[in-house]
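Each chain, written out:
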Amino acid sequence: MESRRGPLKSAVPSNIVSPVRRCSRTACGRPAVATLTYVYADSTAVLGPLATYAEPHCYDLCAEHSERLTAPRGWEVVRLLDGSAPARPSGDDLEALANAVREAARPQQRAAQAGGGPARGADPMEVARRGHLRVLRSPDS
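Residues numbered from 1 in each chain as written. Predicted model: local features only at pLDDT ≥ 70, side-chain atom pairs only at ≥ 80, totals over all residues. Heavy atoms only, no water.

With respect to the overall build of the protein chain
Helix and strand content of the protein chain: three helices and six strands. The secondary structure elements of the protein chain, listed N-terminal to C-terminal, are β-β-β-α-β-α-α-β-β. Excluding contacts between residues fewer than 6 apart, the proportion of contacts in the protein chain whose partners are at least 24 apart in sequence is 50%. Within the structure as shown, the protein chain displays about 11,600 Å² of accessible surface, and the carbon and sulfur contribution to it stands at 55%. (Helix = DSSP H or I, 4+ residues; strand = E, 2+ residues; numbered from the N terminus. Contact = heavy atoms within 4.5 Å. Areas by Shrake-Rupley, 256 points an atom, 1.4 Å probe, with all protein chains shown as cover.)

Topic: the sheet that holds strand β3 (residues 58-61)
In any sheet, the strands associate via hydrogen bonds between backbone groups, in a parallel or an antiparallel arrangement. Judged by pairing direction, the sheet is mixed, and its four strands sit side by side in the order β3-β1-β2-β4 without closing on themselves. Each of the sheet's edge strands pairs with one partner strand only, and the pair in question is β3 and β4 (76-79). Direction aside, neighbouring strands of the sheet carry axes that sit 25° apart on average. For strand β1 (residues 34-39) and strand β2 (residues 44-49), the ladder comprises six bridges, and the chain directions are antiparallel. Bridge assignment links V39 to a residue of β2, and that residue is T44. (Pairing = 2+ DSSP bridges. Axes fitted to C-alpha atoms, helices over the stretch in contact; angles between N-to-C directions.)

Observations regarding unusual backbone geometry
For A27, which is not glycine, the phi dihedral falls at a positive 65°. Positionally, A27 belongs in the segment before β1. Its identity is not glycine, yet S43 carries a phi of approximately 50°, on the positive side. As for its placement among the helices and strands, S43 is situated in the loop between β1 and β2. Exposure remark for S43: the relative accessible area of 24% places this residue in the partly exposed category. (Buried < 20%, exposed > 50% of the residue type's maximum accessible area, 1.4 Å probe, protein only.)

With respect to the nonpolar core
Core analysis: the biggest nonpolar cluster contains nine residues, these being C23, C28, A34, L36, A45, L47, L61, C62 and L69. Among the secondary structure elements, those contributing two or more residues to this core are β1 and β2. Filtering out sequence-adjacent residues up to four positions away, C62 remains in contact with C23, C28, R30, P31, A32 and V33. (Core = buried A, V, L, I, M, F, W, Y, C linked by side-chain atoms within 4.5 Å.)

Focus on the pairing of strand β5 (residues 126-130)
Judged from the four bridges that link them, β5 and strand β6 (residues 133-136) form a sheet pairing that is antiparallel. Note on β6: the bridge partner recorded for E126 is L136. Hairpin connection of β5 to β6: two residues between the antiparallel strands, including G131 at a positive phi of 65°.

Brief notes about the environment of R25
Tracing the chain through its elements places R25 in the segment before β1. Given a relative accessible area of 45%, R25 falls into the partly exposed group. Each C-alpha atom of the pair R25 and C62 lies 8.6 Å from the other, and the pair is 37 residues apart in sequence. Look past the residues within four positions of R25 in its chain and what remains in contact with it is L61 and H65.

So, to be careful, I would describe these as geometric facts and stop short of saying anything about function.
Shown next, in the form of structure tokens:
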């Protein structure tokens with residue numbers, strides 16, 4: 001006796017995946033507008049514009065949840081939401097990336113900075129440093 005099998009059917013009905021990324025908060029279905037990343041080594045939560053790609057250890061948040069974001073006690077929240085920022089990397093972004101790569105390639109300069117003395121050729125635009133994050137002076141000031 002021959003059995004006739006039809007096409008395999010999934011127990012879960014398939015839905016079309018929406019191209020719009022949604023807020024990561026439970027039971028929130030609003031569209032995401034910002035990406036939250038935790039920098040555990042620096043006890044810092046960084047909230048910036050929506051990342052180009054969804055990353056596994058980042059959280060996409062809607063406008064309401066990004067505005068109400070608080071960090072654990074002792075942590076710092078860095079908000080990088082700037083509506084006037086260009087969507088594509090600017091020349092300044094590429095130059096900053098190149099400078100960061102050059103800095104990482106100079107271990108003796110980093111050792112001198114760790115010793116407390118200012119390093120030769122330090123970036124005059126750098127105002128402060130916390131771990132791997134840098135605060136830069138505005139080009140207008």
